[in-house]
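As a plain string of letters, each chain reads:
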Amino acid sequence: MSTHPEIEKRKTFAIISHPDAGKTTLTEKFLLFGGAINTAGAIKRNKANQNTTSDFMEIEKQRGISVATSVMGFEYKGKRINILDTPGHKDFAEDTYRTLSAVDSVILVVDSVKGVEEQTKKLMEVCRMRSTPVIIFINKLDREGKDPFDLLDELESTLKISVCPQSWPIGQGYTFKGVYNIFDNQLNLFELDKSKVTEPVIQVRDLEDEVLKEHLQEKALAKLKEDLELVEGIYGPLEKSLYLDGLLAPVFFGSAINNFGIREILDTFIDIAPSPTSREAEQRVVTATEKNFSGFIFKIHANLDPNHRDRIAFLRISSGKFERNKFYYHTRLDKKLKFANPMDFMANEKSLVEQAWPGDVVGLYDSGNFKIGDTLTEGEKLQFKGIPSFSPEIFKEVENRDPMKTKQLEKGIQQLTEEGVAQLFIQQPGNRKIIGTVGELQFEVISFRLEHEYGAKCAFRPLNYKRSSWITSTNKKQLEEIVYRRASNIAYDKDGNTVFLADNDWAINTAIRDFPDVEFHKTSEFNKKDLEG
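The rules behind these values
Residues numbered from 1 in each chain as written. Predicted model: local features only at pLDDT ≥ 70, side-chain atom pairs only at ≥ 80, totals over all residues. Heavy atoms only, no water. Helix = DSSP H or I, 4+ residues; strand = E, 2+ residues; numbered from the N terminus. Buried < 20%, exposed > 50% of the residue type's maximum accessible area, 1.4 Å probe, protein only. Contact = heavy atoms within 4.5 Å. Areas by Shrake-Rupley, 256 points an atom, 1.4 Å probe, with all protein chains shown as cover. Axes fitted to C-alpha atoms, helices over the stretch in contact; angles between N-to-C directions. Parallel < 35°, antiparallel > 145°, perpendicular 65-115°, else oblique. Nonpolar A, V, L, I, M, F, W, Y, C, P; charged D, E, K, R; others polar. Phe/Tyr/Trp six-rings, centres within 6.5 Å; stacked < 30°, edge-to-face > 60°. Core = buried A, V, L, I, M, F, W, Y, C linked by side-chain atoms within 4.5 Å. Polar contact = N/O pair within 3.5 Å; in protein donor to acceptor, adjacent residues only side chain to side chain. pLDDT = per-residue confidence, 0-100. Salt bridge = Lys/Arg side-chain N within 4 Å of Asp/Glu carboxyl O. Arc of directions from axis to C-beta. Left-handed = near helix turned anticlockwise from the far one by under 90°.

S.K.: I tried to follow the overall build of the chain on my own but got confused; where do I start?
M.R.: Counting its regular elements, the chain contains 14 helices and 31 strands. Within the chain, the fraction of its 533 residues that count as buried is 58%. Counting only contacts in the chain whose residues sit at least 6 apart along the sequence, the fraction spanning at least 24 positions is 71%. Carbon and sulfur atoms make up 47% of the accessible area of the chain, which amounts to about 23,400 Å² in all.

S.K.: Teacher, can you tell me more about the packing of helix 2 (residues 23–33) against helix 9 (residues 262–272) here?
M.R.: Packed helices, taken two at a time, are described by the angle between their axes plus the distance between the axes. Two elements in contact, helix 2 and helix 9, have axes separated by 10 Å at closest approach and are oriented at 75°. Comparing their axes, helix 9 and helix 2 come out roughly perpendicular. Counted together, Leu26, Lys29, Phe30 and Phe33 of helix 2 and Ile262, Arg263, Ile265 and Leu266 of helix 9 form the full contact between these two elements. Broken down by class, the residue content of the contact of helix 2 with helix 9 amounts to 6 nonpolar, no polar and 2 charged.

S.K.: Please clarify how the packing of aromatic side chains should be interpreted in this entry.
M.R.: Geometrically, a pair of aromatic rings is defined through the distance of the ring centres and the angle of the planes. Within this structure, the stated rule accounts for 16 aromatic pairs. Taking 4.4 Å as the distance between ring centres and 55° as the angle between the ring planes, the aromatic pair formed by Phe13 and Phe269 counts as tilted. Linking Phe13 in strand 1 (residues 10–17) with Phe269 in helix 9, this pair joins segments that are 256 residues apart in sequence. Pair check on accessibility: Phe13 and Phe269 agree, each one buried. The interplanar angle of 40° and the centroid separation of 6.1 Å between the aromatic rings of Phe395 and Phe425 together place this pair among those described as tilted. Taken together, the residues Phe395 in strand 24 (residues 394–400) and Phe425 in strand 25 (residues 423–427) connect sequence positions 30 residues apart. Since its relative accessible area comes to 1%, Phe395 is described here as buried. By relative accessible area, Phe425 is classed as buried at 0%. Taken together, Phe293, Phe322, Tyr328, Phe339 and Phe370 form an aromatic cluster joined through their ring pairs.

S.K.: Just checking my understanding: could you explain the environment of Thr268 for this structure?
M.R.: Along the chain, Thr268 turns up in helix 9. The class for Thr268 is buried, based on a relative accessible area of 1%. Considered as a pair, Thr268 and Asp184 are 84 residues apart in the sequence and their alpha carbons are 8.6 Å apart. The contact partners of Thr268, leaving out residues within four places of it in the chain, are Phe183, Phe252 and Ala273.

S.K.: Please clarify how the nonpolar core should be interpreted in this entry.
M.R.: In globular proteins that are soluble, nonpolar side chains generally tend to be buried together. Grouped together as the largest cluster of nonpolar side chains are 61 residues, with contacts concentrated most on Ile136, Leu155, Trp168 and Leu187. The next biggest cluster of nonpolar side chains, apart from the first, holds 26 residues, and it includes Phe33, Ile83, Val109 and Ile135.

S.K.: Just to check I follow, could you spell out the environment of Glu6 for this structure?
M.R.: As for its placement among the helices and strands, Glu6 is situated in helix 1 (residues 5–9). The sequence separation of Glu6 and Gly359 amounts to 353 residues, and the corresponding C-alpha distance is 9.6 Å. At 2.5 Å, the side chain of Glu6 and the side chain of Arg10 are in polar contact.

S.K.: Looking at this model, I keep getting lost on the confidence of the model for the chain. Mind explaining?
M.R.: Predicted coordinates in regions of low pLDDT should not be interpreted in detail. This prediction gives the chain a mean pLDDT of 84; 83% of its residues lie at or above 70. This model gives residues 42–56 a pLDDT under 50, and the stretch forms 35 contacts once residues within four places in sequence are excluded. Throughout residues 63–69 the model reports pLDDT below 50, and contacts reaching past four residues in sequence, or to other chains, amount to 32 contacts.

S.K.: When you look at the pattern of salt bridges in this model, what are you seeing that I'm missing?
M.R.: Side chains that carry opposite charge are capable of pairing whenever their charged atoms lie near each other. Enumeration over the complete set of coordinates arrives at 31 salt bridges. One salt bridge connects Glu380 with Arg284, and the closest N-O pair in it is separated by 2.8 Å. Placement of the pair is Glu380 in the loop between strand 23 (375–377) and strand 24 and Arg284 in the loop between strand 12 (278–280) and strand 13 (285–287), with a sequence separation of 96 residues. On the basis of relative accessibility, which here comes to 35%, the residue Glu380 falls in the partly exposed class. Exposure remark for Arg284: the relative accessible area of 29% places this residue in the partly exposed category. Across the pair Arg449 and Glu453 runs a salt bridge whose closest N-O atoms are separated by 2.9 Å. Here Arg449 pairs with Glu453, and both are found in helix 11 (residues 441–454), just 4 residues apart, close to one helical turn. Assigned by exposure class, Arg449 and Glu453 land together as buried.

S.K.: Which parts of the structure should I look at to understand helix 13 (residues 505–514)?
M.R.: An α-helical segment advances 3.6 residues per turn. Residues three or four places apart therefore align on the same side. Those residues of helix 13 that fall on the buried side of the exposure criterion are Ala507, Ile508, Thr510 and Ala511. When helix 13 is viewed along its axis, its buried side chains cluster within an angular range of 165° and face the same direction. Those residues of helix 13 that are exposed and angled more than 90 degrees off the buried face are Trp506 and Arg513. Regarding helix 13, its N-cap is Asn504, as a side-chain oxygen of that residue lies 3.2 Å from the backbone nitrogen of Trp506 further along.

S.K.: Can you help me understand the packing of helix 6 (residues 148–159) against helix 7 (residues 218–235) in this one?
M.R.: Contact geometry of helix 6 with helix 7 gives a least axis separation of 12 Å together with a crossing angle of 20°. Classified by the interaxial angle, the pair formed by helix 6 and helix 7 is roughly parallel. Judged by the sense of rotation from one axis to the other, the crossing of helix 6 with helix 7 is right-handed. For the pair formed by helix 6 and helix 7, the contact residues are Phe149, Leu152, Asp153 and Glu156 on the first element and Asp227, Leu230, Val231, Ile234 and Tyr235 on the second. Looking at side-chain class alone, the contact of helix 6 with helix 7 contains 6 nonpolar, no polar and 3 charged residues.

S.K.: Teacher, can you tell me more about unusual backbone geometry here?
M.R.: As a rule of thumb, non-glycine residues mostly have phi less than zero, and peptide bonds are mostly trans rather than cis. Note the cis peptide between Gln428 and Pro429, where omega equals 0°. Of note, Pro429 is situated in the loop between strand 25 and strand 26 (432–437). One non-glycine residue with positive phi stands out, namely Lys160, at about 55°. Among the structural elements, Lys160 can be located in the loop between helix 6 and strand 6 (162–165). Positive phi outside glycine occurs at Asn259, with the angle close to 70°. Mapped onto the elements of the fold, Asn259 is located in the loop between strand 11 (248–253) and helix 9.

Take a look at the structure:
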């Protein structure tokens, strides 16, 4: 199948990790190597505000964590690289899960000192659900950490994926000198400079080269040769097809903070990572090379700029060409919209987009037309799959602290839940608003943003619910019966879908036994077409 050169140029991926593994630092260094910024730290605003490019929300600056997905684009060696930098904190995992629906591949960052952590395993499970190709970057080799071979064994056993090293560290901790590029059979030794890209002190393709002895001790060189022989014997060459199928992860070693190993992973990434191909809609599979435009909203963010009350919907283009000021069909609302000021992103730096292609992420100013998962086309009735809501783990009822600001609270809760910060459930009687989240930190973010962006104050009253299930049935009478008989467990999500809120697994299992024709779904992505039939 012929491909369009603009599509072939695109490489759209997410960087994911456990908190503090170095994900945001790696993102910054990609921008540095891609020329999007001149020096590491150039994007820091002032001495009192030492934040990286991708942390721009006020609460992120105060807490020093990433709680929103940032979108950044830059050119590198003739390719258009689109990075989606995701929240590392586990309380914002759902935002990361949704972001993974908008990318073609993933780079997973692992801390060489701590190894595979709990959040890393959960993120990998989501990648496996979608068969997303994954490259692993083992970071912080400048520290005394786990043995590289032990780390590879740990990756395979805990993440349930085969690995294939494509670079190898020369030393570790205070002896760390650089990396050997297995993919290109090249050894690179670097001088330390955290702020800018430095040319290697030496680049050789032959480990017998005499010049190496001027830079590496004989013991270190012998250890490298021994390690590489072992790597070749155990792992063999990279099978690109297995990587593209999500079955094999190429592994790179380095130190993002010191710029070691960055060029190796970036150069290999643009060589092997997939360009946009196809996306599954409920109606059919949409290929990137189709002439007609289509795309979907995977994230909504209000007040990106605190000086302007803007609301941006992030659109991932799936097929065709997107053009400014052209009318597109909003399939859920059944109406046409046009966009005068679509935006390209370099974190919070925005620029006007005249046209964009599959793989690109475009920001659309939104006056309230969009929800996460909405589809835009040139007229075809499509609904893209893959942006489900997951069952929250913590449920709390919203209590208004200032009755004079009821409208502001209503608007704030609606917008924040439409952004995907948390899930909103409405329970009757009384129109009770219940917020469901993955972690406690989300309530802090909601409270902070309600007060600072909407002027509303609220409290959260803990509830005993522990999980939710979306319920459907082709037996209308039995669905009505469970809603009537289990009214205290019934709520409705923001789209009006019926949800069963349970105190424990026993409550769910009992309901499943008592109402055999009712289906209980772990996510909101159930097939509504089957129910309509």
